[in-house]
Amino acid sequence: MTFAVLAGLAIGCFLVFVQRRSDSPALACIEIILSLAIPCAVVELFVNRSPQRSGMSFSRRDFSPQRLLRKVLALWVILAVLAFCYHAFPIYRGDFYAPFNWLWQNSFLPLVVLSVPYLAFADMVQEEPNDTLWKLGNRLFSRPHALSFVEINYLLGWLVKGFFFPLMFVYLCGQISDLREFDLSPFFSSSYRAFVGGSYDLLYLAFFFIDLTVSATGYIMTFRLLGTQIRSVEPTLVGWLVAVVCYQPFYSILYSSYLSYGHDRPWGVWLSDQPILYSLWALMIIVCLSFYAWAAVCFGIRFSNLTNRGIITNGPYRWTKHPAYISKNISWWLVSIPFLPPDSNPWTAIRLCAGLLIINFIYFMRAKTEERHLLRDPIYRDYVEHIRSNGVFRHLRFGSK
């Protein structure tokens, strides 16, 4: 799977630079997502054989028009609710979400039409066709009654996709624009400082491009036919709160009003007259971000917040349960240097460091709520036992519990 992800990302990077002068980052974003989704889907189908492990039997043919009708209607109701929310909530009508609005307006009708043959084929090959979507469809023809836990879990999965995919798509469009507009002149400069700075800036953008490509692709590739469906969703309010508060629009409110930890003196300015230390500091940041991107690559098309879509144990997850969170939080300290404010005031440094420490604590809580959720999976419990004995933080209490 890692090879398929890397191949898809390589094609995506090629598309970014080939289309540097294109006027449509949203269209390029779709092409990049497809360049990752297609090879990963092929691997899931023919190499990993994930559908068979998810209750699919392609030799089975059991078609029921009545069952299909209920599934189609249930899915269309869900899509209609999403469409209503995107139209009704003011935030989705702003400029920030303009790329996603373009995508949604142009894909909604094809999505509705294509859902019929997809559900028809999936229904025929499912070993248990009376699934949760069918149960929700039955509700349209029966008296209202309380939702079951399984039905709530299924609808929460749609809430996860409905909230996070627009964000990831918009972020990826912005990242594509930044990469297209990147100034390559530092690589042709005789200045060592300019070359190192240009390399740092390009790698910084590239690693987040990798992360966002995997993220955006993961949220839409939740297909039972591929074995990449959502198995369970974070069941607690605390788990949801500490996750969504890290994203727009909540993060900008939290950061700007209460937890600002940045200042106007970047680390590059601080070390501008010390080329060796400047290079080492840049390298430390890039190493952190490389682990962050590597962790995303390991998910392939199964990436998703607040869900269990299969336990990841390879890559940097061989050494710790949360390599992405750890590397990301360390990088923020290195990039923002809150302990060295421009005014050299110790109280300013304390305030800025306190803001970042609270952000770190929020990610710590994300890690703990995710662990509590995933511990319902016996594979994850075995993985936790392995990390307790072999993880890089096994000698530290917080890394072994």
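Below is a summary of the structure that appears in this document. Position numbers for residues count from 1 along each chain, tracking the sequence in the order it is written. Predicted model: local features are reported for residues with pLDDT of at least 70 only, side-chain atom pairs are reported and counted for 80 or more only, and whole-chain, interface and lining totals are derived from all residues. To get the side-chain values, take all heavy atoms of the structure and skip hydrogens and water.

1. Comments concerning the overall build of the protein chain
Numbered from the N terminus, helices here are DSSP runs of H or I no shorter than four residues, and strands are runs of E no shorter than two. A tally of helices and strands in the protein chain yields 16 helices and two strands. For the radius of gyration, the atom set is restricted to C-alpha positions; the globular benchmark scales as 2.2 Å times the number of residues to the power 0.38. Its C-alpha radius of gyration of 23 Å places the protein chain within 12% of the 21 Å reference for a compact globule of 401 residues. Dimensions of the protein chain, computed from the C-alpha atoms along their principal axes, are close to 75 × 50 × 45 Å. Each residue is assigned to one of three classes by its accessible area relative to the maximum for its type, calculated with a 1.4 Å probe on protein chains only: buried under 20%, partly exposed between the two thresholds, exposed over 50%. Counting every position in the protein chain, which comprises 401 residues, the buried fraction comes to 48%.

2. Section: the side chain of S54
As for its placement among the helices and strands, S54 is situated in the loop between helix 3 (50–53) and helix 4 (65–88). A relative accessible area of 12% places S54 in the buried class. Should any heavy atoms of two residues lie within 4.5 Å, those residues are considered in contact. Sequence-distant contacts of S54, defined by excluding residues within four places in its chain, comprise R224, G227 and Q229.

3. Details of the pattern of salt bridges
One side-chain nitrogen of Lys or Arg within 4 Å of one carboxyl oxygen of Asp or Glu is enough to make a salt bridge. Scanning the model with the defined rule gives eight salt bridges in all. Between E44 and R302 there is a salt bridge, and its shortest N-O distance comes to 3.0 Å. Placement of the pair is E44 in helix 2 (residues 25–46) and R302 in the loop between helix 12 (275–299) and strand 2 (307–308), with a sequence separation of 258 residues. A relative accessible area of 2% places E44 in the buried class. Between E151 and R139 there is a salt bridge; the shortest N-O distance is 2.7 Å. Of this pair, E151 sits in helix 7 (residues 149–180) while R139 is found in helix 6 (residues 132–139), placing the two residues twelve residues apart along the sequence.

4. Observations regarding the packing of aromatic side chains
Pairing of aromatic rings covers Phe, Tyr and Trp, the last through its six-membered ring, and needs centres within 6.5 Å; plane angles under 30 degrees mean stacked, over 60 mean edge-to-face, and all others mean tilted. Enumeration over the complete set of coordinates arrives at 36 aromatic pairs. Between Y204 and F208, the ring centres sit 5.1 Å apart and the planes meet at 50 degrees, which makes this aromatic pair tilted. Residue Y204 and its partner F208 are located together in helix 8 (residues 192–220), separated by four residues, close to a single helical turn. Judged by centre distance (6.1 Å) and plane angle (85 degrees), the rings of Y219 and F303 are edge-to-face. Of the two residues, Y219 sits in helix 8 while F303 sits in the loop between helix 12 and strand 2, which places them 84 residues apart along the sequence. The structure contains a cluster of three or more aromatic residues connected by ring pairs, namely Y86, Y92, F96, Y97, F100, W104, F108, F165, F169 and Y171. The criterion is that NZ of a Lys, or CZ of an Arg, lies within 6 Å of the ring centre and within 35 degrees of the ring normal, and then a charge sits over that ring. A cation over an aromatic ring shows up here: R70 above the ring of F141, its NZ or CZ 4.6 Å from the ring centre.

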